[in-house]
Amino acid sequence: MNSSQIALNFGFLPYREVFGERKKPHFSIRVDNLDFHIDSTPGTGFNLITHAHSDHYGQRNVENPRAIASDETAKILEVVSEKSFLGVRFKIGETIKVGDLKIKTFPTFHIYGASAFYFPKLDLLITGDVKSWKKLPKCKVLITEATYSHPSNVFEDEIELLLEKAEEGHCLGAYPIGKAQRVARILSNDGIEFCVDEKIAKICRALGIEVGSGGAKITSPSKLKKGYILTAQKYYKLPRIVISDHLDYRGLLEMIEHCKPEHVIFYHGKASKTLIEKLKERGITVSTLEDIDVFL
Ligand SMILES: [Zn+2]
Ligand SMILES: [Zn+2]
């Protein structure tokens, strides 16, 4: 389904903002006369920031007064950018109002502060990246991610192995925004001593997560020389412990089953052919960024 078919069927226009010759990241939607840019660089309307990962462009929106982000997302963006967040903040679970339009917010458990946006008027849900779909509402149109959409991506978090290696005092490589804080919380809940590197410590402090000074060390994957890398990605040379912030292939299908959309738009990560075929078999129509053919 292309932009005009989506507009006709579902009451909002999906489009790509262009800057000179270049398309801006992800895409935008026009609802009535309001524009919302989804995890993109600042635009002429409002910027919805689902979470603080850099490939969702929050840092580029720190000083954008029309950026909309959760409290925790704003806090993380402030620490990493060393600037004050000037946009609109909300607590996840709150309903915000933009003009006459209501937007409800829901947790996706991807990282601290990760929030989905639901437009009741359109029955439209924008998830950003997702770890758990359990709190998400049903919707007619689902705008979501496809990071692990290839059927070869089937995994479970190896929490027991993580605890075992942490107890032995190993170095643990975790992405400093999000995963490191999740691991810090898992270890402290289990009473395991750990310390972290400076960048991770700053983000932990901003979110009120305590860190110690000994034991296992949580460090950025780029600084890890020996130890374990905490990821579901398969391209690292170091030994791996599977700890992912995303749904796997099965999880994506379960989320879609739970939300019961008529139409899905994959806007982040490449949707696999298998996943798209599976959804079509179930009578769900699918678009990807390539189908969005209005450029403004
Ligand atoms: Zn992310
Ligand atoms: Zn992402």
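Residues numbered from 1 in each chain as written. Chains lettered and ligands numbered in written order. Predicted model: local features only at pLDDT ≥ 70, side-chain atom pairs only at ≥ 80, totals over all residues.

Peer 1: Sorry if this is basic, but what is going on with the sheet that holds strand β1 (residues 13-15) here?
Peer 2: Across a sheet, strands are paired by hydrogen bonds formed along the backbone, either parallel or antiparallel in direction. If you trace the six strands from one edge of the open sheet to the other, you get β1-β4-β5-β6-β7-β8, paired in mixed fashion. Both outer strands of the open sheet, β1 and β8 (88-90), are each paired with one neighbouring strand and no more. Going across the sheet, the axis of each strand differs from the next one's by a mean of 25°, ignoring polarity. With five bridges connecting them, strand β4 (residues 27-31) and strand β5 (residues 34-38) associate as antiparallel partners. Paired with Arg-30 across the two strands is Asp-35, which belongs to β5. (Pairing = 2+ DSSP bridges. Helix = DSSP H or I, 4+ residues; strand = E, 2+ residues; numbered from the N terminus. Axes fitted to C-alpha atoms, helices over the stretch in contact; angles between N-to-C directions.)

Peer 1: I tried to follow the domain arrangement of the protein on my own but got confused; where do I start?
Peer 2: The extent of an interface is frequently quoted as the accessible surface area lost upon association of the parts. The assigned domain composition of the protein is domain 1 (3-151 + 247-291) and domain 2 (159-241). Distance between the C-alpha centres of domain 1 and domain 2: 28 Å. Taken together, the ten residues of domain 1 in the interface contact eight residues of domain 2. When grouped by side-chain class, the residues that make up the side of domain 1 that touches domain 2 number seven nonpolar, one polar and two charged. (Domains from an automatic or database assignment. Contact = placed C-beta atoms within 7 Å. Nonpolar A, V, L, I, M, F, W, Y, C, P; charged D, E, K, R; others polar.)

Peer 1: Teacher, can you tell me more about the sheet that holds strand β15 (residues 194-196) here?
Peer 2: Spatially, β15-β16-β14-β17-β18 is the arrangement adopted by the five strands of the open sheet, whose pairing is parallel. Edge positions in the open sheet fall to β15 and β18 (240-241), since each of these has one partner strand only. Sheet topology note: the strand β14 (residues 171-173)/strand β17 (residues 228-230) ladder contains two bridges and is parallel. Counterpart to Leu-172 in the pairing with β17 is Tyr-228.

Peer 1: Help me out: how do you make sense of helix α2 (residues 71-81) in this one?
Peer 2: Helical geometry: 3.6 residues make up each α-helical turn, so side chains three or four residues apart lie on a common side. Within α2, burial applies to Glu-72, Thr-73, Ala-74, Lys-75, Ile-76 and Leu-77. Elements in contact with the buried residues of α2: β7 (67-70), β8 and α5 (198-206). A positive phi of about 55° marks Glu-82, the residue just after α2. (Buried ≥ 20, exposed ≤ 12 C-beta atoms within 10 Å, placed from the backbone.)

Peer 1: Mind showing me how you'd approach the nonpolar core here?
Peer 2: What tends to happen in soluble globular proteins is that the nonpolar side chains get buried as a cluster. Counting residues in each nonpolar core, the largest one holds 76 residues, and the members touching the most others are Leu-125, Val-183, Ile-218 and Leu-230. The element that contributes the greatest number of residues to this core is helix α6 (residues 249-259), accounting for five residues. Of the residues that make up this core, three or more belong to each of domain 1 (3-151 + 247-291) and domain 2 (159-241). Setting aside chain neighbours within four positions, we find Leu-125 in contact with Ala-116, Tyr-118, Leu-136, Pro-137, Cys-139, Leu-142, Ile-143 and Cys-259. (Core = buried A, V, L, I, M, F, W, Y, C linked by C-beta atoms within 7 Å.)

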